[in-house]
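Residue-level structure breakdown
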Amino acid sequence: MYAFPSHTAASIPTSDETPTSDLPPLLVLRPLSDTWLSALNAKFTLYSPSSPLSASVHAALISGAYNRVDPALLDQYPSLRCLVNTGAGVNHINLEECKRRGVQVANVGETHSKNVADYAVGLLLDVMRRITMSDRYVRNGLWVTRGNYPLGSKLGGKRVGIVGLGSIGSAIAKRLEAFECKISYLSRKAKPTVSYRYIPNICDLAAESDILVVSCALTKETHHIVNKQVLQALGKEGIIINIGRGASIDEPELVRCLAQGEIKGAGLDVFEHEPNIPKELIELENVVLTPHQSVFTPEAMAEVIQICIANFEAFFTGKPVITPVVAD
Amino acid sequence: MATTTCTTNTPKIEEKPKVLVLQRINAYFEGVLSPHFDLIKADESSLPIPAFLSTHCRHIRALLVMAPIGTFGSSLLDQLPSLGLIACTSAGVNHIDVDACRKRSVAVTNAGEMFTPDAADHTVGLLVDVLRRVVMADRYVRNGSWMLIGDYPLGSKVSGKRVGIVGLGSIGSHVAKRLTAFGCPISYFSRAPKPNYPSYTYFPNVLDLARESDVLILSCALTDETRNIINRDVMIALGKDGVIINVGRGALIDEPELVRCLKEGVIGGAGLDVFVNEPEVPEELTHMENVVLSDHRAVTTPESFKNVLELAIANLDAFFSGKPVLSPVSC
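All values derive from a computational prediction rather than experimental measurement.

**Considering the overall build of chain B**
The helix and strand tally for chain B stands at 12 helices and 12 strands. Within the span of chain B, comprising 331 residues, buried residues form 55% of the whole. By sequence separation, contacts in chain B at least 24 residues apart represent 58% of the contacts at least 6 residues apart. Carbon together with sulfur atoms contributes 53% to the accessible area of chain B, which is approximately 14500 Å² in total. A distance of 4 Å separates the average location of the 31 positive side-chain charges in chain B from that of its 36 negative side-chain charges.

**Some details on the overall build of chain A**
Counting its secondary structure elements, chain A contains 11 helices and 12 strands. In terms of overall size, chain A behaves like a compact globule, its C-alpha atoms giving a radius of gyration of 22 Å where 328 residues would be expected to give roughly 20 Å. Taking the principal axes of its C-alpha atoms as reference, chain A extends roughly 70 × 50 × 35 Å. Counting every position in chain A, which comprises 328 residues, the buried fraction comes to 56%. Partitioning the contacts of chain A with sequence separation of at least 6, the portion at a separation of at least 24 is 61%. Summed over its atoms, the accessible surface of chain A is roughly 13600 Å², and 54% of this surface lies on carbon and sulfur atoms.

**A few points about the interface of chain A and chain B**
The interface is formed by 66 residues belonging to chain A together with 62 residues belonging to chain B. Contact with chain B buries area across many residues of chain A, yet Arg129, Arg139 and Trp143 of chain A alone supply 16% of it, more than any other trio. The partner of glutamate 303 of chain A in a salt bridge is lysine 157 of chain B, with the nearest N and O atoms 3.4 Å apart. At the level of secondary structure, the elements contributing two or more residues to the side of chain A that touches chain B comprise α4 (111–129), α5 (131–139), α6 (142–146), α7 (167–177), β12 (287–289) and α11 (298–316) of chain A. For the side of chain A that touches chain B, the leading source of residues is α4 of chain A, giving 10 residues. Of the residues belonging to the side of chain A that touches chain B, the class tally is 34 nonpolar, 15 polar and 17 charged.

**Section: unusual backbone geometry**
Cis geometry marks the peptide bond from glutamate 274 of chain A to proline 275 of chain A; its omega dihedral reads -5 degrees. Structurally, proline 275 of chain A can be placed in the loop between β11 (265–268) and β12. The omega torsion across glutamate 278 of chain B and proline 279 of chain B is 0 degrees, close enough to zero to call that bond cis. Note that proline 279 of chain B resides in the loop between β11 (269–272) and β12 (291–293). At arginine 133 of chain B, a residue that is not glycine, the phi angle is positive and equals roughly 55 degrees.

**So, the UniProt feature "domain: D-isomer specific 2-hydroxyacid dehydrogenase catalytic" (unreviewed entry) in chain A**
Look at the UniProt record and you will see "domain: D-isomer specific 2-hydroxyacid dehydrogenase catalytic" (unreviewed entry) annotated at residues 60–325 of chain A. Along residues 60–325 of chain A one finds 36% helix and 14% strand; the C-alpha atoms at either end are 15 Å apart.

**Notes on helix α5 (residues 116–132) of chain B**
All names here are of chain B. For α5, with 17 residues, the first-to-last C-alpha span of 24 Å sits near the 24 Å given by 1.5 Å per residue. Extensive coverage of α5 is indicated by the burial of 17 of its 17 residues. A positive backbone phi angle near 55 degrees is found at arginine 133, which sits one or two residues after α5.

**Side note on the packing of aromatic side chains**
The full count for this structure, using the stated rule, is 14 aromatic pairs over all chains. Aromatic side chains tyrosine 28 of chain B and phenylalanine 29 of chain B sit 6.2 Å apart centroid to centroid with 70 degrees between the ring planes, which places their arrangement in the edge-to-face category. Look at phenylalanine 29 of chain B and you get buried, because its relative accessible area is 5%. An aromatic cluster of three or more residues is present, and its members are Phe44, Phe312, Phe315 and Phe316 of chain A. The ring of phenylalanine 182 of chain B has arginine 175 of chain A lying over it, and the distance from NZ or CZ to the ring centre is 5.2 Å.

**A closer look at the side chain of arginine 132 of chain B**
Structurally, arginine 132 of chain B is set in helix α5. Engagement of the side chain of arginine 132 of chain B in a polar contact is seen with the backbone oxygen of serine 294 of chain A, the distance being 2.7 Å. Among residues more than four places away in sequence, those in contact with arginine 132 of chain B are Asn115, Asp118, Tyr119, Gln293, Ser294, Val295, Phe296 and Thr297 of chain A together with Gly155, Ser156 and Val158 of chain B.

**Comments concerning the packing of α4 of chain A against α5 of chain B**
Direction vectors running N to C along α4 of chain A and α5 of chain B enclose 120 degrees, while the axes themselves pass 8 Å from each other. By the angle between their axes, α4 of chain A is oblique relative to α5 of chain B. Between α4 of chain A and α5 of chain B the crossing geometry is left-handed. The segment α4 of chain A lies against α5 of chain B, with Asn115, Asp118, Tyr119, Gly122, Leu125, Asp126 and Arg129 of chain A engaging Asp118, Asp121, His122, Val124, Gly125, Val128, Asp129 and Arg132 of chain B. Residue classes in the contact of α4 of chain A with α5 of chain B are distributed as 4 nonpolar, 4 polar and 7 charged.

What counts, and where the lines are drawn
- Residues numbered from 1 in each chain as written.
- Chains lettered and ligands numbered in written order.
- Predicted model: local features only at pLDDT ≥ 70, side-chain atom pairs only at ≥ 80, totals over all residues.
- Heavy atoms only, no water.
- Helix = DSSP H or I, 4+ residues; strand = E, 2+ residues; numbered from the N terminus.
- Buried < 20%, exposed > 50% of the residue type's maximum accessible area, 1.4 Å probe, protein only.
- Contact = heavy atoms within 4.5 Å.
- Areas by Shrake-Rupley, 256 points an atom, 1.4 Å probe, with all protein chains shown as cover.
- Lys, Arg positive; Asp, Glu negative; His and termini not counted.
- Charge placed at Lys NZ, Arg CZ, Asp CG, Glu CD.
- Rg over C-alpha atoms; globule rule 2.2 N^0.38 Å.
- Buried area = accessible area lost by both parts, 1.4 Å probe.
- Salt bridge = Lys/Arg side-chain N within 4 Å of Asp/Glu carboxyl O.
- Nonpolar A, V, L, I, M, F, W, Y, C, P; charged D, E, K, R; others polar.
- UniProt positions renumbered as here; feature names shortened; annotations may be inferred.
- Expected span 1.5 Å × (residues − 1).
- Phe/Tyr/Trp six-rings, centres within 6.5 Å; stacked < 30°, edge-to-face > 60°.
- Lys NZ or Arg CZ within 6 Å of the ring centre and 35° of its normal.
- Polar contact = N/O pair within 3.5 Å; in protein donor to acceptor, adjacent residues only side chain to side chain.
- Axes fitted to C-alpha atoms, helices over the stretch in contact; angles between N-to-C directions.
- Parallel < 35°, antiparallel > 145°, perpendicular 65-115°, else oblique.
- Left-handed = near helix turned anticlockwise from the far one by under 90°.

Next up, the structure:
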């Protein structure tokens, strides 16, 4: 799950009155911070699920952390014709069902891609060069008493296999090229416009890579796509970075491989059962663990709000949403 | 060179060239170098260094210097009258009195470009870690705080930050290339503008560079001109959201002032691989959440060590064969 910072009060608005303004009605199905509320209140009349009018509202704001968009939810709000999701991932949305009912679905497009790509490369550098571990070592005074922390290893020239070459995967590839990494990728189909090597099978991709980056959407096909065979193909010198969804990797198997040195290390921003993480990871020095924050910077939050508002405004003026979910 | 009378089954014995080593040499380095050279190790002698030098080193032509610690200047050179080469395995040579060497026709070689990509990689890693708070986030997750408190406070976007590089040498230009791929516009301060990099903006002084930058990267050599080049005025110009990354030498920054500026919020954060008095790190830094600290490892990976040693061997071989050295220090 990912949530907005909890240091600001977050609540679902509880306006139940009939609209007194001309502002279009918007159903809010997720908690919102004050920043969100003030931005939305300026443009829309907000309704919560508890409002008697909720079943007649045509547009709703949703989030993967709080909502599952399935037939039951769509039955509950039968007037919905537009859903805007505050994240990039849409594995919580039954897109087929939405299409069948004529509900447009928008997410936040490529806003997040740069932030996620920056973060993925940072995580990778951190794991390869042991930055977090050496920071902890220095703070504990061990540089003085024990000399240098063990060396990391060189990133340049390493073979990187990207699982999912969407907008995030492409942004990661572009950055890693500047570090002189050699890029290969797996995607549903080859992308003739890119110069990277396409490898159609994930075990082969892992076997030919020093580093695997998981940057794909979570679907039925990609659930546990990184499994025991893939990790073994990646091998003892292999590093894995996951900024997609925890469930793309068989987590218990990953933990076992890390603990037993069957792969060299991992940088993980996502986990199968967030915010719970396997406790075996906590003691390991060959991992970097972060709380699903590859997306989040204050700048990104502001952009997300703007994009969501723009999508609703397009819908309310009879135009198609601006950043419809693209099934790629 | 010792020779034996040639018979068909007696091998010719050649002495390996002698190379003096004044610092303790680790097993890995020794393993790589000793097949090529007769290593004369001062620290294994019971004699104090001056006596060792005058007794054993009058004919020594080459000195190997590994760690960039100590001072190698006139007083040492006076005791090595036959010296023709100081081969360093570090990138920086601020510990060598290069002028004194030049006056005595002693060549000085360094690690050339062998460390450059790794130093640049580490620089970017430090920057992303500082801006996106990766180190603190990792600690947060391991403490179990993710479950109890909620999400960790946000960092700040990397893409698009204005990057100012102090010293656009080989490391600086490699950093620039990497950060360009992150969508960061690049500016720099150097002794003179670099016509090879027309898309980077030149500033003739560090203060102006700092004013127009969100991030300052220190990747220049430590000289008399660059000592304390980052002072309070520069940090004020950089501003409260500004971040400094130092992979050069600790003394490029006025370190006590840096600590003060971080505490007071004059600047926003720092990623530091080097310190004035390594391995000692100012204690206040170890309590700050907006810094990332590493143990002078920017250049070091096993791969770069191997490359650097090969380069040192190549420099020494060239010297002993009367050929030009491969990676002379230019000043």
